[in-house]
Every structure is written in C-alpha cells, then in structure tokens.
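An overview of the molecular structure
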Amino acid sequence: QVQVVESGGGLVQPGGSLRLSCAASGITFSIYAMGWYRQTPGKQRELVAAISSDGRTKTADSVKGRFTISRDNAKKTVYLQMNSLKPEDTAVYYCNVGGAYTGSYYAGNYWGQGTQVTVSS
C-alpha cells in the first residue's frame, strides 16, 4: 500500500521561508517523477514544481527563482524549498508521487493529504 505524508507547512510572514517534505512508502521511489501542487478555495489544483527520476526539474513561472524542488531517493523523500514567500503563495500544498516527466509532468495516482501554507503578517 502506497502512503504519502507531507509535512512542513505553517504560518510565515511575507519574505520568509518554509521547506515542505513529502515521504513516500510502498513505492519504488527512485524510478518515478514527483510533483508538488497547490490549491486555493474555488480554484483548480495547479502544478508548482516537478522533478524527474534523474533530477531534472520544472517550476511554475509564478514561483520560478523562489521555489526549489529536490529529492533524496535514499530517504524516499521529495522536498519543496520555498523562499521569499508572498501572500499569494497561501494555499494547501499537495505532494504527488508515481508520476512521469517528459518535459511536462504527468501526475501519478498517489497524493498526500495536503499541508496548509499561510503567508501573512
């Protein structure tokens, strides 16, 4: 059974930083691409960043230069480092595992429960 557990969300002031973590089990982690999405009420879930099995990355234009995705295959964990946070980054962030990456990210079947990130003074 695949389990996906996110952590690291919280309340942060504008300009601050957070690092989200996503630990996966029950899946051959190293062979899959992974992605981070976010969602706000009334809007569709949007891709924030993705990383291929061999470490290629893709980030949304709205977070480019501020957010960095990385992975540790030994720990079966994918990270999202978020710097220079803005109020518009406030959302529930979801980790997706088991995806595919061919320049674009294709979501896998497994999602975490989501972690709330709130950027506010």
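All values derive from a computational prediction rather than experimental measurement. (Residues numbered from 1 in each chain as written. Predicted model: local features only at pLDDT ≥ 70, side-chain atom pairs only at ≥ 80, totals over all residues. Heavy atoms only, no water.)

**Looking at the state of the cysteines**
Per the counting criterion, the structure on display carries one disulfide. A sulfur-sulfur separation of 2.0 Å characterises the disulfide bridge that pairs C22 with C95. One disulfide, between C22 and C95, carries an S-S torsion of -80° and so falls in the left-handed class. Of the two residues, C22 sits in strand 3 (residues 18–25) while C95 sits in strand 9 (residues 91–101), which places them 73 residues apart along the sequence. For C95, a relative accessible area of 0% gives the class buried. (Disulfide = S-S within 2.5 Å. Helix = DSSP H or I, 4+ residues; strand = E, 2+ residues; numbered from the N terminus. Buried < 20%, exposed > 50% of the residue type's maximum accessible area, 1.4 Å probe, protein only.)

**Observations regarding the side chain of D89**
By secondary structure assignment, the location of D89 is in the loop between strand 8 (77–82) and strand 9. Here D89 falls in the buried class, since its relative accessible area comes to 1%. In this structure the side chain of D89 is engaged in a polar contact, spanning 3.0 Å, whose partner is the side chain of R38. Polar contacts involving the side chain of D89 include one to the main-chain amide nitrogen of K86, which spans 2.8 Å. Non-local contacts of D89, meaning those with residues more than four positions away in its chain, are made with R38, V63, R66, F67, S84, V117 and V119. (Polar contact = N/O pair within 3.5 Å; in protein donor to acceptor, adjacent residues only side chain to side chain. Contact = heavy atoms within 4.5 Å.)

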